[in-house]
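Single-letter residue listing:
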Amino acid sequence: MKREQNGKLRYRFKDSTCVVNKYGSDKVAYNKHKKRKVTNVSIETESNGIAIFTSTNNGNMHDSKIFIKDLKKDYLIDEDILERFSKYYIVDSGYDSKDIKENLEKRDLIPIIKANKRNIKDEQKLKELK
């Protein structure tokens, strides 16, 4: 990762989490891993930690599907400013898919995604990661 002239990194960060939703009925779904009715909240921030995009989704929706759906929506700030001040895109292994990597590269962003061991079919590569 390369720093800019002012010494700061230019990146975006995205993650999502499940929030238990006991009383609400909007965007609530049963999540088999949490064994509860939850709402999935997704937040994207820029390098200073300022939120540039948020979304709420059904609790049983996977991170990679949320990402593709969120690409079609507008950001909270002007996209021209955002593109000028971001270079890297950091996400966890839940977003590890070819489709997401291709979409990020089309937008001239360098994806930094932890490899998801479920996507690796070669046993030798799995041993190297462990």
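It should be noted that the structure appears before, not after, this text.
These figures come from a predicted structure and were not determined experimentally. Along each chain, residues carry numbers from 1 onward, in the same order as the chain's sequence is written. Only residues with pLDDT of at least 70 are given local features in this predicted model, and only at 80 or more are side-chain atom pairs given and counted; all residues enter the totals for whole chains, interfaces and linings. For side-chain calculations, the full set of non-hydrogen atoms in the structure is used, while hydrogens and water are omitted.

J.: Lay out the pairing of strand S4 (residues 51-58) in plain terms, naming residues and giving numbers.
T.: When DSSP locates at least two bridges between a pair of strands, those strands are taken to pair. Only DSSP runs of H or I covering at least 4 residues are called helices, and only runs of E covering at least 2 are called strands; the numbering of each starts at the N terminus. Alignment of strand S3 (residues 36-46) against S4, held across 7 bridges, turns out to be antiparallel. Counted as the bridge partner of Thr 45 is Ala 51 from S4. Taking the residues between adjacent antiparallel strands as the criterion, S3 and S4 are bridged by 4 residues, where Gly 49 takes a positive phi near 90°.

J.: Give a description of the environment of Ser 86 that names residues and reports values.
T.: When you line up the elements, Ser 86 lands in the loop between helix H2 (79-84) and strand S5 (88-91). Relative accessibility decides the category of a residue: with a 1.4 Å probe and only protein chains considered, values under 20% of the type maximum give buried, values over 50% give exposed, and everything between is partly exposed. A residue is classified by how much of its surface remains accessible, and Ser 86, at 5% relative accessible area, is buried. Sequence separation of Ser 86 and Tyr 11 is 75 residues, and the distance between their C-alpha atoms is 4.9 Å. Contacts were defined at the residue level, with two residues in contact if any of their heavy atoms lie within 4.5 Å. In contact with Ser 86, not counting residues within four places along its chain, are Arg 10, Tyr 11, Arg 12 and Leu 109.

J.: Explain the packing of aromatic side chains to me, and be specific about the residues and the numbers.
T.: In summary, the pairing rule links any two rings of Phe, Tyr or Trp, Trp by its six-membered ring, whose centres are within 6.5 Å, and it sorts them by plane angle into stacked for under 30 degrees, edge-to-face for over 60 and tilted for everything else. Using the criterion set out here, one finds 2 aromatic pairs in the structure. Taken together, a centroid distance of 5.7 Å and an interplanar angle of 85° make the contact between Phe 67 and Tyr 89 edge-to-face. With Phe 67 in helix H1 (residues 63-71) and Tyr 89 in strand S5, this residue pair connects regions lying 22 residues apart in the sequence. When its relative accessible area of 3% is taken as the criterion, Phe 67 is described as buried. On the accessibility criterion, Tyr 89 (2% relative accessible area) is buried. With centroids separated by 6.0 Å and ring planes inclined at 70°, the aromatic side chains of Phe 67 and Tyr 95 adopt a geometry described as edge-to-face.

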